[in-house]
Every structure is written in C-alpha cells, then in structure tokens.
Protein chains: 2
Amino acid sequence: MERVYQFAAGPAVMPQQALRRAAEEMLNWRGSGLSVMEMSHRSPAYQEIFDHTVSLLRDLMNIPEDYEVLLLQGGATGQFAAVPMNLLHTSADYVDSGNFAHVSMKEAQKYGAVRCIASSREENYRRVPAVDAAALDPKADYLYVTTNNTIYGTRLPALPESGNVPIVADMSSNILSEPCDVRRYGVIFAGAQKNIGPAGLTVVIVRRDLLGRARPETPNILNWTVMTEKGSMLNTPPTYAIYMAGLCLEWLRDEGGVEAIYQRNLRKAKLLYDYLDESRLFRPIAEKSSRSIMNVTFRTGSDALDAAFVKGAAAAGLLSLKGHRVAGGMRASIYNAMPEEGVKKLVDFMHKFEKNTVEA
Amino acid sequence: MERVYQFAAGPAVMPQQALRRAAEEMLNWRGSGLSVMEMSHRSPAYQEIFDHTVSLLRDLMNIPEDYEVLLLQGGATGQFAAVPMNLLHTSADYVDSGNFAHVSMKEAQKYGAVRCIASSREENYRRVPAVDAAALDPKADYLYVTTNNTIYGTRLPALPESGNVPIVADMSSNILSEPCDVRRYGVIFAGAQKNIGPAGLTVVIVRRDLLGRARPETPNILNWTVMTEKGSMLNTPPTYAIYMAGLCLEWLRDEGGVEAIYQRNLRKAKLLYDYLDESRLFRPIAEKSSRSIMNVTFRTGSDALDAAFVKGAAAAGLLSLKGHRVAGGMRASIYNAMPEEGVKKLVDFMHKFEKNTVEA
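Residues numbered from 1 in each chain as written. Chains lettered and ligands numbered in written order. Predicted model: local features only at pLDDT ≥ 70, side-chain atom pairs only at ≥ 80, totals over all residues.

Novice: Please clarify how the overall build of chain A should be interpreted in this entry.
Specialist: Scanning chain A from N- to C-terminus turns up nine helices and 14 strands. The C-alpha radius of gyration of chain A comes to 21 Å, within 12% of the 21 Å expected for a compact globule of 360 residues. Taken over the C-alpha atoms alone, chain A extends approximately 65 × 60 × 30 Å along its principal axes. The proportion of buried residues among the 360 residues of chain A is 55%. Contacts in chain A between residues far apart in sequence, at least 24 positions, make up 68% of those at least 6 positions apart. (Helix = DSSP H or I, 4+ residues; strand = E, 2+ residues; numbered from the N terminus. Rg over C-alpha atoms; globule rule 2.2 N^0.38 Å. Buried ≥ 20, exposed ≤ 12 C-beta atoms within 10 Å, placed from the backbone. Contact = placed C-beta atoms within 7 Å.)

Novice: Just to check I follow, could you spell out the domain arrangement of chain A for this structure?
Specialist: As a measure of interface size, the accessible area lost when the parts come together is often cited. All names here are of chain A. For chain A, the assigned domains read domain 1 (5-15 + 255-359) and domain 2 (18-254). Put simply, the middle of domain 1 and the middle of domain 2, counted by C-alpha atoms, are 26 Å apart. Contacts between the two partners involve 31 residues from domain 1, matched on the other side by 31 residues from domain 2. Counting only elements with at least two residues in the side of domain 1 that touches domain 2, the list comes to α7 (257-278) and β12 (295-299). Residues that form the side of domain 1 that touches domain 2 fall into these classes: 16 nonpolar, 10 polar and five charged. (Domains from an automatic or database assignment. Nonpolar A, V, L, I, M, F, W, Y, C, P; charged D, E, K, R; others polar.)

Novice: Just checking my understanding: could you explain the interface of chain A and chain B for this structure?
Specialist: Across the contact, 58 residues belong to chain A and 58 residues belong to chain B. Only α1 (16-25), α3 (75-87) and α6 (239-254) of chain A provide two or more residues apiece to the side of chain A that touches chain B. Tallied by class, residues from the side of chain A that touches chain B come to 28 nonpolar, 23 polar and seven charged.

Novice: Is there a simple way to explain the relation of the copies chain A and chain B in this structure?
Specialist: In summary, the two copies of the chain are related to each other by a rotation about an axis coupled with a shift along it. Superposing chain A onto chain B requires a rotation of 180° together with a translation of 0.0 Å along the rotation axis, leaving an RMSD of 0.0 Å. The symmetry that links the two subunits is that of a two-fold axis. Residue A:Ala23, judged by its C-alpha, is the member of chain A lying nearest the rotation axis, at 2.3 Å. (Least-squares fit on C-alpha atoms with pLDDT ≥ 70 in both.)

Novice: Whenever I open this one, the sheet that holds strand β14 (residues 330-333) of chain B confuses me. Can you help?
Specialist: Sheets are built from strands that pair by backbone hydrogen bonding, the pairs being arranged parallel or antiparallel. Residues and elements named next belong to chain B. One open sheet holds the three strands; their spatial order is β11-β12-β14, and the pairing between them is antiparallel. Edge positions in the open sheet fall to β11 (283-284) and β14, since each of these has one partner strand only. Bridge count between strand β12 (residues 295-299) and β14: four bridges; the pairing is antiparallel. Bridge pairing links threonine 297 to arginine 331 in β14. The strands touched by helix α7 (residues 257-278) are β11, β12 and β14; relative to β12, the strand with the most contacts, the crossing angle is about 15°. (Pairing = 2+ DSSP bridges. Axes fitted to C-alpha atoms, helices over the stretch in contact; angles between N-to-C directions.)

Novice: Looking at this structure, I do not really get the packing of helix α3 (residues 75-87) of chain B against helix α4 (residues 99-108) of chain B. What am I missing?
Specialist: Between two packed helices, both the angle of their axes relative to each other and the distance between the axes serve to describe the pair. Residue and element names in this part refer to chain B. Direction vectors running N to C along α3 and α4 enclose 40°, while the axes themselves pass 8 Å from each other. Relative to α4, α3 is oriented oblique. By crossing handedness, the relation of α3 to α4 is classed as right-handed. Contact residues: α3 offers Ala76, Phe80, Ala81, Val83 and Pro84, while α4 offers Phe100, Val103, Ser104, Glu107 and Ala108. (Parallel < 35°, antiparallel > 145°, perpendicular 65-115°, else oblique. Left-handed = near helix turned anticlockwise from the far one by under 90°.)

Novice: Sorry if this is basic, but what is going on with the environment of B:Pro284 here?
Specialist: All names here are of chain B. Relative to the elements of secondary structure, proline 284 occurs in strand β11. For proline 284, a count of 20 C-beta atoms within 10 Å puts it in the buried group. Spatially, the C-alpha atom of proline 284 lies 42 Å from that of leucine 211, the residues being 73 residues apart in sequence. Apart from residues no more than four positions distant in its own chain, proline 284 is found in contact with Tyr273, Leu276, Thr297 and Phe298.

Novice: Explanation requested: unusual backbone geometry in the structure shown.
Specialist: Glycine aside, residues mostly have negative phi, and peptide bonds are mostly found in the trans state. Residues A:Gly10 and A:Pro11 are joined by a peptide bond in cis, for which omega reads -5°. The topology assignment puts A:Pro11 in the loop between β1 (5-6) and α1. Unlike most non-glycine residues, A:Asn62 shows phi in positive territory, near 55°. Mapped onto the fold, A:Asn62 is located in the loop between α2 (44-61) and β2 (67-72). Its identity is not glycine, yet B:Leu176 carries a phi of approximately 70°, on the positive side. Structurally, B:Leu176 is set in the loop between β8 (167-170) and β9 (187-191).

Novice: Where do I start with the environment of B:Glu68 in this structure?
Specialist: Residue and element names in this part refer to chain B. By secondary structure assignment, the location of glutamate 68 is in strand β2 (residues 67-72). Taking the number of C-beta atoms within 10 Å as the measure of exposure, glutamate 68 has 22 and is therefore buried. Along the sequence, glutamate 68 and arginine 58 sit 10 residues apart, while their C-alpha atoms lie 9.6 Å from each other. Sequence-distant contacts of glutamate 68, that is, excluding residues within four places in its chain, are made with Val206, Arg208 and Thr228.

Novice: Even after reading the chapter, I still don't get the pairing of strand β5 (residues 143-146) of chain B, so can you show me in this structure?
Specialist: Side chains on a regular strand alternate between the two faces of the sheet. Residues and elements named next belong to chain B. Neither face of β5 is open: one carries Leu143 and Val145, the other Tyr144 and Thr146, and all of them are buried. The pairing of strand β3 (residues 91-96) with β5 spans two bridges and is classified as parallel. In the strand pairing of β5, aspartate 93 is matched with leucine 143. Strand direction decides the pairing type here: β5 and β8, joined by four bridges, are parallel. Paired with tyrosine 144 across the strands is valine 168, a residue of β8.

This is the structure in structure tokens:
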C-alpha cells in the first residue's frame, strides 16, 4: 500500500519530513559515523541533539525562563502518579472530564486526599463539565485539568480561575496544536505520541517554585526535582525519541509555528464538523460547546453501519477510524501532522458512504 | 567520518543489520503505508511487532512459561524503585557491588528495611564482594544482585545460593551476552540500551508467583502485576524502541543465538585482557576473579597519558573509551554488537600507543 492517511489517536501520523530525515540519518548522523541510537547520552553530540529539542519546544510554546522543561519516560500515565507524588500534601482538586482524567484521579488517591470538583462521567463524558468557582478549594495543592479528552473528542473550553492554586494540565492530546499561555499553568505534561514525536517520551513543563515538594516515596525517575537537577539525565533518557521529537518540532517551526498550525487545525476541524452538522447519516458525539479540534467523534447510530464505515474507509486508505471502545462509534484524530488533504479525503469518503447508505 | 567503532557503555554500538533495516522501513513498514512510529499500539500490525520481540527474547533466553516478560519504560533506574515497590514488605538483602547497586539499595530504603550483606565500596568496587551464605536472611523478601557492573568492569562470578529467597538481578549490562539459567532468578531486569536495543525500553522478566505483592503506593506504570494483566500496554509502550529491539534480537538469532555470541564475547574479552596482562603501559582495573567480558577497564597510571590515549583513539575512529568519572582511566565496552574486528583494531592501537610512549 502507498502512504495512507491514518487517524489513530496516538501513536499517530507524523510529519513525513521528519521521517525522511530520520531514515537518511539512521546509520550516520551528520558525519559522526554513528546512528543517534548508538550515541552515549553523555556525549557532546548527543547533548546538542537534546538541547536542540528542548530549545525548539521552548521557542514554539514560548515557555518562560522560570519553567523547567523535562524530557522523561513513562507517558502521561506515569505523570498521573508523578503529579500527586511531587505536589500532594493536603488535598487536590480534580476535574473529571474523561477516562484519563478519571484514571489520573484514582492514581492520585494512592497518595492523599483528592476531591472531584466537577464530573461529566454520568453523561459518558460527552461534554467537559462546568467548574463552579465556589467549588474550588483555595488551599488545594493543585487543580487538575485535562485540556483535551482524546477518547470523547472534547476540549476544555476555558481554564478555571484558580487564584493562587497552581493548575496542573494533562495536555497530551492538544499540546502545540493551539496557542497556550504557559504562565496560566503550574505544570503541563504530555505524552509525546500525538503532537510532539514518537511514543516513549513524556514532556513535563513545571514552574520552578513548585519543585522541592516531592513526597518521600517518590521514585527518582518520577521526581521532577531530581530530574531538574540532573537535566533530565539522572539515567539514560529515551535518546532516539528525543531526537525524533526534535525533527518533528523542526517541521512545526518550518510550517510557521503554533499560531499557523492552529489556523490549519481550525480549518481541518471545521471541514469535519460542518459536514457532520449537515449529515443525514453521521452524528457528532461531543457536545458542541466542548468540541475538540484534535479528535472528532461521530457515529451513525447503528453498530453495523459504523463497522462497515470503518472497514470501507480502511480499504480506501483512511485508517484507524474506529472509536475508542468506551465511547463507541468513530473517531478521527487530526493532529498537527495530519494534512488538510487527509481530512478532505475523509469528508469525501463520508459523503460517498452517506449517499450510498441513505439511497440504498 | 566513515562508520567508526564506538566503545560507549550504553547507549552503545548496535547491529548494523538492524539499523539498515530500520532505515529501509522508516516510511513504510512492510507495505503497510505507515512508519512503525505512526502505528497505533492497539493495531494488529503493531501487536505483531510487539509479540515478535517478546517471542525472540523468550526463545533466545529460553524463558520458562511461568515467567512473564514485560516491556516497560523508565530504565533500570525505574526498576530500582519498582523492585521494592513490588516485593518489599519485611526486609531485603542487597549485594553492593557497584555504583548502580548502591543507588538501587538507596532507592529501596524509601520503601522498607534493606540490609547490605556484602560490599566492595571501600575498594572502589574493583571486585565483586564475596557473599557469605551465613549472612543471607532466609526470610528476606528477595536477594538483590547486579550481574555485571558497567562502571568498574566487573562481573558476578557466581550466583549466591539463596534457598527459597528469590534472586532479583539487574542484568542491564550483560543480558544476552552469555547463557543464563532464568530459573535461578525470581526477577531479571535490564535497560535495553546495551545488549537489547535502543534506550527508552526496559525489559522485566518476572516469575509469576512473585506477582500480586505490590505495595499500595506503587505507581501503575511500575506495577508488574498491573502491567502483566495489561500485556505491558496499560498505556502506550515505547513502540519504536520495541520494534528496534526486535530487529536487534533478529540479528542475534541470525548470529547463532546466545551461546554463539558468548563464544565470540569470550574471544573479544580475551584479546583485550591478554594484552593488558602483558602490557608495560596499561593496567587492568578490575580484579582478575571479577573480570567482566562486557566492560573492560584499564589505566596507565597517568591522567595525562590516559587523556592522550582517549584522544588519540578517537582520532583513529575508536570512540568513547574514557572511563566513567567515578572509576577513572579507560573503559572499552564490547557488547554483543561490537565486532571482533573492532576489538582487534583497539588492541592494535593500544600496542602502537604503548610502543610510542614507552620508547619515547
């Protein structure tokens, strides 16, 4: 099969420019005689690669100087434990806006008191729950939010006003997809495998004054303070994933950066939602006010038709459109690296499928 | 620079066959139209890649059916916490045979009682300390050993007889380099970046009856029981590192497997040690009875000469021979993927350097 369009929720489509470069440099990185995979993480050549990735991320997100950027392992799921281990001493407030938020809240309960201050779980997370400012604990160690809920295709419409309580955000599925004022957060974390690079790398952005608070049982690899002191290299980092992230971030920079990609992302999402709002066959799943521009969920209402659609699309080179099992239906993940052309092809295919189905 | 020989302690030299294959398949894995990096970890194609890596490892190490093989993140350093979190309830015995063993012991102290039953720390770890059978606690939760000490170039000469106490082994720097009777261990773990594949992947081999004992504060990503239940995919695994490990293990299989590579490793180590034992300039650092066949440490006795040697070797395409800062001198890491030709070139260069120095 020729190159296809793949709508998986992560790992997901990557910039072809980055993949081509990686293939070219696989056996010999820029005349070094070595593959990046073979380089000692303590070598000057590798440190340069590492610093380049961090520096691109700092530039693209405009990360202030008083925030540390850590490149770690373990995914967002690792941070579900790391967040309470590094910050939870009295109590923390959680917004339960999806399955991952829920799992994160459960993980935090291992380490201390956790309050669920808003939840849409009863509605199968079709929307992001509204946060009542009065419900917030002004003495909480942190307020936890998920800025985009991959499974349900919802997006946090507005960040709660939390006063002095630092906001911790799982940004795994929409980091770098839209402008973000880092100053509004105490901690941002993200698994790389959607908008940053390959799986196996976790980015943590933490405001420096939040360091030094880790609980005694925190494993070193999840301890932000230790990792800050060691420049993310307490132990061997995921060296190749960090290199690949650098190639992907170079592509994002070359595309014009976050503001430019945001405009493209809006166009891509609009193409799909406009069609869904008009369709006689497909229905959007997420509530309009909470719609994600990264993950678009929809269904026909018939499991058999859903399955036929997913199968037909795959045969046409439009892959991985099956929704997550807890949400059902279909999901098109249209991260930064998904070209507009891919979304157009998808909408064309949906049109055709609708026509054949409705007229049949 | 053309391809070079690189003696780094890890990440380290990788099989060129694996790197060539990775380069060829980077944009389109076997006609799928996708890079492996872009594949959903939940897709059948990726599951096949994952299972292939596990199956190769099971075959090459002859891992019995009642042992689980987990492919995780966080490196050996992550397992320094995971071991006590999954097993420590009363007390554990540690053999302090090197810096990593020491760090691991310190990490375990966060979670419970730890006894250091043998140490060569006072001798800067030049040998692996002898374990007095009478010193072992027959009720210990586990006995912890490091089978090869990367920094000092030492190797555990014989596994202690621990009776019913399960042995937990950090095998990061000699896994797959020599035959290993897995049945003698309760748990084996290893960072991949020496003899398995690229950095960012951690292999844990655990006897099934040791599952189900995790401490309540264990983060899910470090919980062997949870990870076993989820087939190592509680969350997104380091998908590309697992694929690369598969390519590297295919190479090892094609080379004849562990017994064949062991014979070659013995020849490589003998070349170096035979020369070192005769040299008028270089002295081996590790005590003879504890010599590693993976990491060979040596020095001239002069810091200036050591530095000149490392520099001269690098100019001759023999890279990363500087010893670890805590051990000093030089270290040649000659993992499985280092060809005999590389060791021969190194010994030739040492000869020449010695001749020029001694005659000067």
